[in-house]
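# Architecture at a glance
The lines below spell out each chain.
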Amino acid sequence: MQIRRFVDSHTEGEPTRVLLADDGGFQRETLPEVLAAWSRGGAPEVPAVHLALCANPRAADATVCALVCRPSRPTALCGVLFWNAAAPLGMCGHATIGLVRTLAHLGMAPAGRATIETRVGDVTVELRPDGRVAFENVPARVHAHDVEVVLEQGGVARGDIAWGGNWFFIARHDGAKGRAMRSHAEELAYANAIARGIARMGLRAGPENGGLIDHTLLLFRPSRPDADARNFVLCPNGTFDRSPCGTGTSALLASLAARGELAEHARWRQESAIGSIFEATYRRAGDAVVPAVAGRAFVTAEGSLVADTTDPSREGAWTEPH
Ligand code: PYC
């Protein structure tokens, strides 16, 4: 695989690094071919040199890589594999928006709606006339309601476990009597305590992505008058999502729909930890919902990767003895 060209963008504050082939186009391999090459024991595993492309010191901690592959079916625009510095993601909403904005920047924007293949299913994307990018996600659903996670500091966090392209534990502090988000450091510590509780209790979800509940979403009352709620999302690499999190918003829509708190096609405006916004709706599909999410992305850089074999941080962490 020749990963050489890259384009950086951010989606409502959350960075994406789109990885292209030597000639600036899609990888020659399809997504199923990449997944077949990068798997261990049936689970996808991204090689360390590629994980390092979205890790310090090459990138901001929160960066998600999006490897763009040749489509495996003629009806798809491309395939994409997402990962952060720790591991592959299932779907990634903010990076999907960043990818479409990047393709537009490169003069490769799809005309009208287009299908993108991800490792957890197809998504449909659209570049809107107002410059925003919208995507229709894989179906989202609730696995369990009101699950109690025992916290090491005492007490429990209660929440729903829901799928939105990744698995989320959704702890709610919203509504009229709910609390506002505290500092990023305080919410990061709290979300990490919940994630450790989930791991200690061995909680798993449904079959998608092996049932791994690797994202924690804290929901608060919004700080903006035009938002319905605010979230703080802890990602599996230990950072928090600066965007309102496309897969997290999707999982939340499934939870709101299951609880009868949001009608089909009604608009939901999700505020992020930094105050940016995604707009979302859903349609019903059997026991699941199909979320549609829209937001803005901005290209920030483009260039060529350099692989210096003498660089001790070539595989992410500093590897020289000290
Ligand atoms: O937007 O779905 C998302 C996402 C997942 C992890 C970071 N962003």
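### A word on the overall build of the protein chain
- Of the regular secondary structure elements, the protein chain holds five helices and 19 strands.
- Relative to the globule expectation of 20 Å for 322 residues, the C-alpha radius of gyration of the protein chain, 19 Å, shows essentially globular dimensions.
- For the protein chain, the spread of C-alpha atoms along the principal axes amounts to about 55 × 55 × 35 Å.
- Counting only residues that meet the buried cut, the protein chain has 52% of its 322 residues in that class.
- Put simply, of all contacts in the protein chain between residues at least 6 apart along the chain, 64% involve residues at least 24 apart.

### Quick word on the layout of surface pockets
- Of the volumes computed, that of the largest pocket is approximately 280 Å³.
- Along the wall of the largest pocket there are 15 residues; nearest its centre are Pro44, Pro88, Arg119, Asn209 and Leu212.
- A per-class count over the lining of the largest pocket returns nine nonpolar, three polar and three charged.
- Each of domain 1 (5-132 + 299-304) and domain 2 (141-291) contributes no fewer than three residues to the lining of the largest pocket.
- Its volume calculated, the second largest pocket comes out at about 220 Å³.
- Split by residue class, the lining of the second largest pocket holds six nonpolar, one polar and three charged.

### A closer look at the domain arrangement of the protein chain
- Domain parsing of the protein chain yields domain 1 (5-132 + 299-304) and domain 2 (141-291).
- Here the C-alpha centre of domain 2 lies 23 Å away from the C-alpha centre of domain 1.
- Domain 1 puts 19 residues into the contact, and the matching count from domain 2 is 21 residues.
- With both sides pooled, the region where domain 1 packs onto domain 2 buries about 1300 Å², and carbon together with sulfur makes up 55% of that total.
- A salt bridge links Arg132 to Glu279; its shortest N-O distance comes to 3.9 Å.
- Our enumeration of links across domain 1 and domain 2 arrives at seven residue pairs in polar contact (both at pLDDT 80 or more).
- Grouping the constituent residues of the side of domain 1 that touches domain 2 by class yields eight nonpolar, six polar and five charged.

The rules behind these values
- Residues numbered from 1 in each chain as written.
- Predicted model: local features only at pLDDT ≥ 70, side-chain atom pairs only at ≥ 80, totals over all residues.
- Heavy atoms only, no water.
- Helix = DSSP H or I, 4+ residues; strand = E, 2+ residues; numbered from the N terminus.
- Rg over C-alpha atoms; globule rule 2.2 N^0.38 Å.
- Buried < 20%, exposed > 50% of the residue type's maximum accessible area, 1.4 Å probe, protein only.
- Contact = heavy atoms within 4.5 Å.
- 1 Å grid on protein atoms, 1.4 Å probe; cavity = no way out; pocket = protein on both sides within 12 Å on 5 of 7 lines; lining within 4 Å.
- Points joined across faces, edges and corners; volume = space filled by probe spheres on them.
- Nonpolar A, V, L, I, M, F, W, Y, C, P; charged D, E, K, R; others polar.
- Domains from an automatic or database assignment.
- Buried area = accessible area lost by both parts, 1.4 Å probe.
- Salt bridge = Lys/Arg side-chain N within 4 Å of Asp/Glu carboxyl O.
- Polar contact = N/O pair within 3.5 Å; in protein donor to acceptor, adjacent residues only side chain to side chain.

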